[in-house]
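Structural overview for review
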Amino acid sequence: MIRRPPRSTLMRSSAASDVYKRQVSTQSTGQQSFLRTTPTPPPLPRGFLLFYIMSWQAYVDDQLVGTECVTGAAIIGHDGSVWAANNLALKNGEGAALAALFNNSSSAFSAGVVVGGIKHLCIRADARSVYGKKGAGGVVCVKTGQCVLIGKYDESVQPGQATTVVEKLGDYLIENGC
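Below, the structure is looked at part by part. Quantities reported herein were computed from a predicted structural model and do not represent experimental measurements.

Describing the overall build of the protein chain
- A count of helices and strands for the protein chain gives six helices and nine strands.
- Burial statistics for the protein chain: of 178 residues in total, 35% are counted as buried.
- Pairs at least 24 apart in sequence give 42% of the contacts found in the protein chain among residues at least 6 apart.
- Surface exposure of the protein chain reaches about 11100 Å², of which carbon and sulfur atoms provide 54%.

Here is the structure:
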């Protein structure tokens, strides 16, 4: 007879649940007798759970656009590839050009900041942040260890609110090694 594990060990792994998983049961059907064990799932590849735990799209939807302090947002890699976006479409080559602005701030001031096909006047450019303004709207870009955060705002949002939201998410990602 197989003892059932307590309910507290059914969903999460513990030493007690491992003991119950290794129990062997014997069943007899007529003349035959066979052993049945609880199969263990194969190990997951490294980084597999990271995909489900940390979604870049969730950062864009919840932490940037969800605050209503930015109207569009994207997260791109340092190579310019788009990882996640909401209400912000980058044209071909814009991601790579935007990521390159952090390495050469003087080109940001001379060429401007182009996001979504719109050229913005650069008002700040350094190794961490690039800000662009076009009329009453603008963009805020923050570079972290692995990615670049882009937040777009329009005339309904104060520039300081958009800057605070994007910079705080950048601080959080930098503190957590992203």
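Structural notes on the environment of leucine 90
- Relative to the helices and strands, leucine 90 resides in the loop between strand 4 (82-86) and helix 4 (94-100).
- On the basis of relative accessible area, leucine 90 is assigned to the buried category, the value being 19%.
- Here leucine 90 is in contact with Ile76, Val82, Gly95, Val115, Gly116 and Ile150, once residues within four sequence places are set aside.

With respect to the packing of aromatic side chains
- Within the structure shown, the criterion is met by three aromatic pairs.
- Aromatic pair tryptophan 56 and tyrosine 59: ring centres 5.8 Å apart, planes at 45°, arrangement tilted. Taken as a pair, tryptophan 56 and tyrosine 59 lie in helix 3 (residues 56-64) at a separation of three residues, close to a single helical turn. Taken individually, tryptophan 56 and tyrosine 59 each receive the classification buried, so the pair is uniform in this respect.
- Measuring from centroid to centroid gives 5.0 Å for tryptophan 56 and tryptophan 83, while their planes differ by 50°, and the two rings are tilted. Residue tryptophan 56 is located in helix 3, and its partner tryptophan 83 is located in strand 4; the two are separated by 27 residues in the primary sequence.
- In this structure tryptophan 56 comes out as buried when scored by relative accessible area, which is 15%.
- Judged by its relative accessible area of 34%, tryptophan 83 falls in the partly exposed class.
- By the ring-pair criterion, three or more aromatic residues cluster together here, those being Trp56, Tyr59, Trp83 and Tyr172.

Quick notes on the packing of helix 3 against helix 6 (residues 159-175)
- Axis separation between helix 3 and helix 6 bottoms out at 11 Å; the angle between their running directions is 140°. Judged by the inter-axis angle, helix 3 sits oblique to helix 6. Along this stretch, helix 3 crosses helix 6, giving a crossing that reads as right-handed. Taken together, the residues of helix 6 that come into contact with helix 3 (itself represented by Trp56, Tyr59, Gln63 and Leu64) are Val165, Val166, Leu169, Tyr172 and Leu173.

A look at the environment of leucine 64
- By the element assignment, leucine 64 lies in helix 3.
- The sequence separation of leucine 64 and asparagine 86 amounts to 22 residues, and the corresponding C-alpha distance is 9.3 Å.

Here we look at the sheet that holds strand 6 (residues 118-125)
- Reading across the sheet, the seven strands line up as 4-3-9-8-7-6-5 and stay open at both edges, with antiparallel pairing between neighbours. Both outer strands of the open sheet, strand 4 and strand 5 (113-115), are each paired with one neighbouring strand and no more. The mean inter-strand angle of the sheet, taken between neighbouring strand axes irrespective of direction, is 25°.
- Two elements, strand 8 (residues 137-143) and strand 9 (residues 147-153), share six bridges in a ladder whose sense is antiparallel. Paired with lysine 143 across the strands is valine 148, a residue of strand 9.

Side note on the pairing of strand 6
- Bridge analysis of strand 5 against strand 6 gives three bridges, and the strand direction is antiparallel. Looking at the pairing, valine 113 lines up with histidine 120 of strand 6.
- What sits between strand 5 and strand 6 in their antiparallel hairpin is a turn of two residues, with glycine 116 showing a positive phi close to 65°.
- As consecutive antiparallel partners, strand 6 and strand 7 (residues 129-134) are separated by three residues.

Criteria and thresholds
Residues numbered from 1 in each chain as written. Predicted model: local features only at pLDDT ≥ 70, side-chain atom pairs only at ≥ 80, totals over all residues. Heavy atoms only, no water. Helix = DSSP H or I, 4+ residues; strand = E, 2+ residues; numbered from the N terminus. Buried < 20%, exposed > 50% of the residue type's maximum accessible area, 1.4 Å probe, protein only. Contact = heavy atoms within 4.5 Å. Areas by Shrake-Rupley, 256 points an atom, 1.4 Å probe, with all protein chains shown as cover. Phe/Tyr/Trp six-rings, centres within 6.5 Å; stacked < 30°, edge-to-face > 60°. Axes fitted to C-alpha atoms, helices over the stretch in contact; angles between N-to-C directions. Parallel < 35°, antiparallel > 145°, perpendicular 65-115°, else oblique. Left-handed = near helix turned anticlockwise from the far one by under 90°. Pairing = 2+ DSSP bridges.

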